[in-house]
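Each chain is listed here by its residues.
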Amino acid sequence: MAEADMASAPVNVSPAAEPVISREVPSAAPVHGATEEPRSQKTTAENSSIWCSAVGRRLPRAQCENYAEQIADLRSGVAAFNPNRSMVKGVPTEVRLAIGPEEEKERTVERAGGEGEAQTAEIEIGAKMRARLKGRAFEIDPAEPVDQVMGRNRRQVWNWDVTPRRDGSHQLSAEITVLAEDGTVLENQSSKVINVTVVVSEAERAALERERLLKKRQILEEDVGWITRFLKILDDFSLALLAFLTTIIVGVITLFVRAKKAKQAEAKGDQQEGNGVSPADPE
């Protein structure tokens, strides 16, 4: 009977055991005892100037953090630079620089073109890249740095028309720059220097040979002219000397003849005087 009464008796459920659902959004728990900053203080912190090691100068905190995020998002890649190792003076030649992802190294080298073994370098690829070709002995078009957006595939090719200005051995190199989205320089990288042998064309070689022969002929003509003038001077001097010597000889001969005649006349007078004939008496 007691058990039946317990079974039929109603069960009283304590209100504390029922789940409580609140419609209010709970506030975020404070982190390390910090409270939420007012909007004005947060804006001031973002605009405060700090030293930004990413770009090496002081910038607003938010801008520096943006650059740091872009640097963290750089992708490993490869740059291939492969100009012809032999060029002709005065003749334009195409030079290419190819940049691509690290896993596409062989394809990037092929896109660089050129002859011989390509120079490659591991680089960091950003959303925007800048490249400039440098070489003192060459006329390079375009001469200014060229910026390109790398796109989702992170691959691009730069092209230049390179005209050697002097023959001999000269150097070419490419300067690569990683840019932020707004054009700020994030990193500078350079390719290895490549030696290029510049020769003269057959036409220029023939022209140089003609010029050399012409100069040699002019030198010979100048030498011959000098010799001719010297011989002429010598000839004139010889004629003058010959005339002078002739005059002296003729004078000497004349004096000799006159002296001989005088001596003969004197001898004849002595003979006549010895015979008793006066040179002054008539016969």
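Counting starts from 1 at the beginning of each chain's written sequence and moves along it residue by residue. Selection of residues for local features in this predicted model requires a pLDDT of at least 70, selection of side-chain atom pairs for listing and counting requires 80 or more, and totals for whole chains, interfaces and linings are taken over all residues. Heavy atoms from the whole structure form the basis of all side-chain values; hydrogens and water molecules are not counted.

Any two strands with at least two DSSP bridges between them are considered paired. Helix and strand definitions follow DSSP, with helices as H or I runs of at least four residues and strands as E runs of at least two, each counted in order from the N terminus. Here we have five strands laid out as an open sheet, ordered 6-3-5-10-8, and antiparallel in their pairing. The sheet terminates laterally at strand 6 (119–125) and strand 8 (138–141), the two strands that pair on one side only. Recorded for the sheet is a direction-independent mean angle of 25° between the axes of neighbouring strands. The contact rule is simple, with two residues in contact once any of their heavy atoms fall within 4.5 Å. Helix axes are fitted to C-alpha atoms over the stretch in contact, other axes to C-alpha atoms as well, and angles between N-to-C directions run from 0 to 180 degrees. Most of the contacts of helix 4 (residues 105–112) go to strand 5 (residues 93–101), to which it runs at about 165°, and overall it touches strand 3 (75–81), strand 5, strand 6 and strand 10 (156–164).

A few words on helix 3 (residues 61–72). The span one expects for a helix is its residue count, reduced by one, times 1.5 Å. A rise of 1.5 Å per residue sets the reference length of helix 3, with its twelve residues, at 16 Å; its end C-alpha atoms lie 16 Å apart and thus fit the reference within 8%. Buried within helix 3 are the following residues: C64, Y67 and Q70. Looking straight down helix 3, one finds its buried side chains confined to an arc of 120°; they lie on one side. Turned more than 90 degrees away from the buried face of helix 3 sit E69 and A72, all of them exposed. Buried residues belonging to helix 3 abut strand 1 (49–52), strand 2 (57–60) and strand 12 (185–190). Summary of the burial criterion: residues with accessible area below 20% of their type's maximum are buried, those above 50% are exposed, and those between are partly exposed, where the area comes from a 1.4 Å probe applied to protein chains only. Note that the arc is computed from the directions linking the helix axis to the C-beta atoms.

Of all residues in the protein chain, 79% have pLDDT values of 70 or greater, and the mean over the chain is 79. Per residue, pLDDT measures the predictor's confidence, with a range of 0 to 100. Contacts from residues 1–36, a stretch scored under 50 in pLDDT, to residues over four places away or in other chains number zero contacts.

With that settled, consider the pattern of salt bridges. Salt bridges are defined as contacts in which a side-chain nitrogen from Lys or Arg sits within 4 Å of a carboxyl oxygen from Asp or Glu. All told, the structure shown has six salt bridges when counted by the stated rule. Between E104 and R155 there is a salt bridge whose closest N-O contact spans 2.5 Å. Of this pair, E104 sits in the loop between strand 5 and helix 4 while R155 is found in the loop between strand 9 (146–149) and strand 10, placing the two residues 51 residues apart along the sequence. Of the charged contacts in the structure, one is a salt bridge between E175 and K134, with a shortest N-O distance of 3.8 Å. Of this pair, E175 sits in strand 11 (residues 168–179) while K134 sits in strand 7 (residues 128–134); the two residues are 41 residues apart in sequence, bridging distant segments of the chain. The class for E175 is partly exposed, based on a relative accessible area of 27%. Residue classification places K134 among the partly exposed residues on the basis of a relative accessible area of 36%.

For E104, a relative accessible area of 18% puts it in the buried group. Polar contacts here mean pairs of N or O atoms no more than 3.5 Å apart (in protein, one a potential hydrogen donor and the other a potential acceptor; neighbouring residues in sequence count only if both atoms are side-chain atoms). In this structure the side chain of E104 is engaged in a polar contact, spanning 2.5 Å, whose partner is the side chain of R155.

Right, let's talk about the state of the cysteines for a bit. A pair of cysteine sulfur atoms is labelled a disulfide when the two atoms are within 2.5 Å. Counting across every chain of the model gives one disulfide. At a sulfur-sulfur separation of 2.2 Å, the disulfide partner of C52 is C64. Taking the sign of the torsion about the S-S bond as the criterion, the disulfide between C52 and C64, at about 85°, is right-handed. Of this pair, C52 sits in strand 1 while C64 sits in helix 3, placing them twelve residues apart in sequence. With a relative accessible area of 10%, C64 lands in the buried category.

Here we come to the pairing of strand 2. Where strand 1 lies against strand 2, four bridges are found, and the strand directions are antiparallel. Residue S49 lies in a different strand from strand 2, and its bridge partner there is P60. Adjacent in sequence and paired antiparallel, strand 1 and strand 2 are bridged by four residues, among which G56 carries a positive phi angle near 75°.

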